[in-house]
Amino acid sequence: MTNPPADPAPAGQAPAEGRPNWAGRELLLEVGAVAHGGHCVARYEGRVVFVRHTLPGETVRAVVTEDGGAGFCRADAVEILTASPDRVAPPCPHAGPARCGGCDWQHASGPAQRRLKAAVIAEALTRLGGLAPEQAAVTVEELPVDGPNPLLGWRTRTVYARTSDGRIGFHRHRGSSIEIIGHCPIATAPVGSPSAVARAAQAADRPGATGIEVVGPDAVLLHTPAPASARRGRGRRPPDRVQLIEGPASIEHVVLGRTFRVRPDGFWQVHPAAAATFVEAALAMLDPQPGETALDLYAGAGLFTAFLGDRVGPTGAVLGLESSRGAVADAEANLGDLPHAQVQVGSVDPQSVTRLAADAGRAIDVVVLDPPRSGAGGPVMAAVLGLAPRAVAYIACDPAAFARDVRTAADLGWRLAGLRAFDAFPMTQHMECVGLLLPAVAP
Ligand SMILES: C[S@@+](CC[C@H](N)C(=O)[O-])C[C@H]1O[C@@H](n2cnc3c(N)ncnc32)[C@H](O)[C@@H]1O
């Protein structure tokens, strides 16, 4: 694969002065490699075009949806002139150009989706992570679902947006307009069936509702705009205010025989098979031993903390760190049978990592890092690796952020010694990686 340009994430820049705005223009394109962001790359009159609803190798007629102004634009393929053998009919009636923005690859077969994701991971790890192509090669593994098609029926939570006239649906790609939804085939029945959508639509009647979040099997959360005081920075929309309006105060998840209870607005993996898969992958890489000491950074409701606690046993210790007070309260309950495994409230930063290790009062053997999309970042990576654990498992939902952190680790004398990737978000551009970092030179 040739290296495609990176996804130009910022939206809405105006075209450079004097240059015609291509928005709305029709282009005939030979489509090249996939790029991070759910699109493929084409070139036209010297400009890069990020094209959705197409596949590598296709010839398409496309319409420019956004002129990015910095030598690139975005387009939707509206007619496929030469189709890829990987193309399939989208199973969702809401998929397609200018339709629902929730999925990116409805028009690709399952194996093709996983190959596209593997290419995106490899590209990030070579371009941003500095790895050789053979070190960055990975097979993206399918996760099982309770149903005949592993691409559908997996999403256990979703946020329906509400239109001003009280109907519900999903936002169109990079837009504020809403595609009205009858059902969502990638969701589980309690979240995406016609009756689940009708229930959400009814809840959306509440005053001030901007969205309704359905969390399987039976919780409904009301989204209303956060007060202006919650605004985080110029132009940035504050996070919604989220309030439970139907269903239980905690949702039960059984993972590898262990029961976790998590409040419906708390973080939990969306794919039903994801939590167990990632735990098994991380434990296989770290192989924690009785008596060892582990850190679980970005610990959520204690998922990895608990399984690390099982492995290190009462002569060992696990210390987790998590910024959400609600998640830490859930973790406390979830870890009730493991007094040697605890999660503290706090933001993961270099000082808190150092303090956590000091609290442990003994050398740190293994670390789990499961950061949000932005990744751990250089200073946190440096602090974690500075503790000299024997191994670090990194669970990553954004391959670019992961690759940057792998690069930092390499600069500090560590290597990516293991890598697995999972299609935990079929039909969408998203994927999850689990990587093992070891000292480049064995101590
Ligand atoms: C990807 S989730 C992982 C949670 C948990 N490991 C699991 O698998 O269920 C990331 C978690 O990090 C937390 N978080 C985000 N930024 C953080 C920060 N700067 N410091 C500590 N926790 C943070 C979030 O609240 C969330 O629970």
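Residues numbered from 1 in each chain as written. Predicted model: local features only at pLDDT ≥ 70, side-chain atom pairs only at ≥ 80, totals over all residues. Heavy atoms only, no water.

Q: What is the right way to look at the pattern of salt bridges in this model?
A: Any two side chains of opposite charge can pair, so long as their charged atoms come close to each other. Tallied over the entire structure, the rule returns 26 salt bridges. Between Arg172 and Glu179 there is a salt bridge, with its nearest N and O atoms 3.2 Å apart. By relative accessible area, which is 4% here, Glu179 ends up buried. The partner of Arg373 in a salt bridge is Asp398, with the nearest N and O atoms 3.0 Å apart. Of this pair, Arg373 sits in the loop between strand E19 (366-369) and helix H9 (378-386) while Asp398 sits in the loop between strand E20 (391-396) and helix H10 (399-411), placing them 25 residues apart in sequence. One network of salt bridges, in which partners are shared, links Glu26, Arg61 and Glu79. (Salt bridge = Lys/Arg side-chain N within 4 Å of Asp/Glu carboxyl O. Buried < 20%, exposed > 50% of the residue type's maximum accessible area, 1.4 Å probe, protein only. Helix = DSSP H or I, 4+ residues; strand = E, 2+ residues; numbered from the N terminus.)

Q: Can you help me understand the confidence of the model for the chain in this one?
A: In regions of low pLDDT, the predicted coordinates are not meant to be interpreted in detail. Of all residues in the chain, 94% attain a pLDDT of 70 or more, and the chain-wide mean is 94. In this model residues 1-13 is a low-confidence stretch, pLDDT under 50, and it forms 40 contacts with partners more than four residues away in sequence or in other chains. (pLDDT = per-residue confidence, 0-100. Contact = heavy atoms within 4.5 Å.)

Q: Hey, could you run me through the nonpolar core in this one?
A: When a protein is soluble and globular, its nonpolar side chains tend to lie buried together. Within the largest apolar cluster, 67 residues are counted, with the highest numbers of intra-cluster contacts made by Tyr160, Ile212, Phe278, Leu286, Leu303, Phe304 and Val434. The leading source of residues in this core is helix H5 (residues 274-286), at nine residues. Three or more residues apiece are contributed to this core by two domains, here domain 2 (157-248) and domain 3 (252-439). Excluding residues that lie within four positions of it along the chain, Leu303 makes contacts with Val255, Phe260, Trp268, Ala275 and Val279. Counting residues in each nonpolar core, the second largest holds 64 residues, with Ala122, Val348, Val353 and Val380 among its members. (Core = buried A, V, L, I, M, F, W, Y, C linked by side-chain atoms within 4.5 Å. Domains from an automatic or database assignment.)

Q: It is not clear to me how the pairing of strand E4 (residues 47-52) should be interpreted in this structure. Could you clarify?
A: Taken residue by residue, a regular strand's side chains alternate between the two faces of the sheet. Within E4, six of the six residues are buried, which leaves it mostly tucked inside the rest of the structure. Here strand E3 (residues 39-44) hands over to E4 after two residues, with Glu45 in that stretch at a positive phi of 45°. (Pairing = 2+ DSSP bridges.)

Q: How should I be thinking about the site of the ligand in this particular structure?
A: Taken together, 14 residues surround the ligand, and among them Tyr298, Glu322, Ser323, Val348 and Asp370 come closest. The contact in question runs from a nitrogen atom of the ligand to an N or O atom on the backbone of Tyr298, over 3.0 Å. In the model, a nitrogen atom of the ligand is placed 2.8 Å from a nitrogen or oxygen of the Asp370 side chain. Protein chains shield 84% of the accessible area of the ligand, which is 600 Å² for the free molecule. (Near = heavy atom within 4 Å. Polar contact = N/O pair within 3.5 Å; in protein donor to acceptor, adjacent residues only side chain to side chain. Areas by Shrake-Rupley, 256 points an atom, 1.4 Å probe, with all protein chains shown as cover.)

Q: Mind showing me how you'd approach the packing of H5 against helix H6 (residues 303-312) here?
A: Two quantities define a packed helix pair, namely the angle between the helix axes and the distance between the axes. For the pair H5 and H6, interaxial distance at closest approach is 10 Å and the crossing angle is 45°. In terms of axis orientation, H5 runs oblique to H6. In this structure, the crossing between H5 and H6 has a hand that is right-handed. Between H5, through Ala275, Phe278, Val279, Ala282, Leu283 and Leu286, and H6, the contact on the second element is made entirely by Leu303, Phe304, Phe307, Leu308 and Arg311. Among the residues forming the contact of H5 with H6, the class breakdown is ten nonpolar, no polar and one charged. (Axes fitted to C-alpha atoms, helices over the stretch in contact; angles between N-to-C directions. Parallel < 35°, antiparallel > 145°, perpendicular 65-115°, else oblique. Left-handed = near helix turned anticlockwise from the far one by under 90°. Nonpolar A, V, L, I, M, F, W, Y, C, P; charged D, E, K, R; others polar.)

Q: When you look at the packing of aromatic side chains in this model, what are you seeing that I'm missing?
A: When we look at a pair of aromatic rings, we describe it by the centre distance and by the angle of the planes. The final tally for this structure, using the stated rule, is eight aromatic pairs. Taking the centre distance of 5.7 Å and the plane angle of 45° together, the rings of Phe278 and Phe422 count as tilted. Of the two residues, Phe278 sits in helix H5 while Phe422 sits in strand E21 (residues 414-423), which places them 144 residues apart along the sequence. We note that Phe278, like Phe422, is buried. Summarising the aromatic geometry, the rings of Tyr394 and Phe402 are spaced 5.0 Å apart at their centres and angled 55° between planes, so their arrangement reads as tilted. In this structure, Tyr394 and Phe402 share a single accessibility class: buried. Three or more aromatic residues link up through ring pairs in this structure, and these residues are Phe260, Trp268 and Phe307. Across the ring face of Trp22, the terminal group of Arg25 is positioned such that the distance to the ring centre comes to 4.7 Å. Across the ring face of Trp22, the terminal group of Arg47 is positioned such that the distance to the ring centre comes to 4.5 Å. (Phe/Tyr/Trp six-rings, centres within 6.5 Å; stacked < 30°, edge-to-face > 60°. Lys NZ or Arg CZ within 6 Å of the ring centre and 35° of its normal.)

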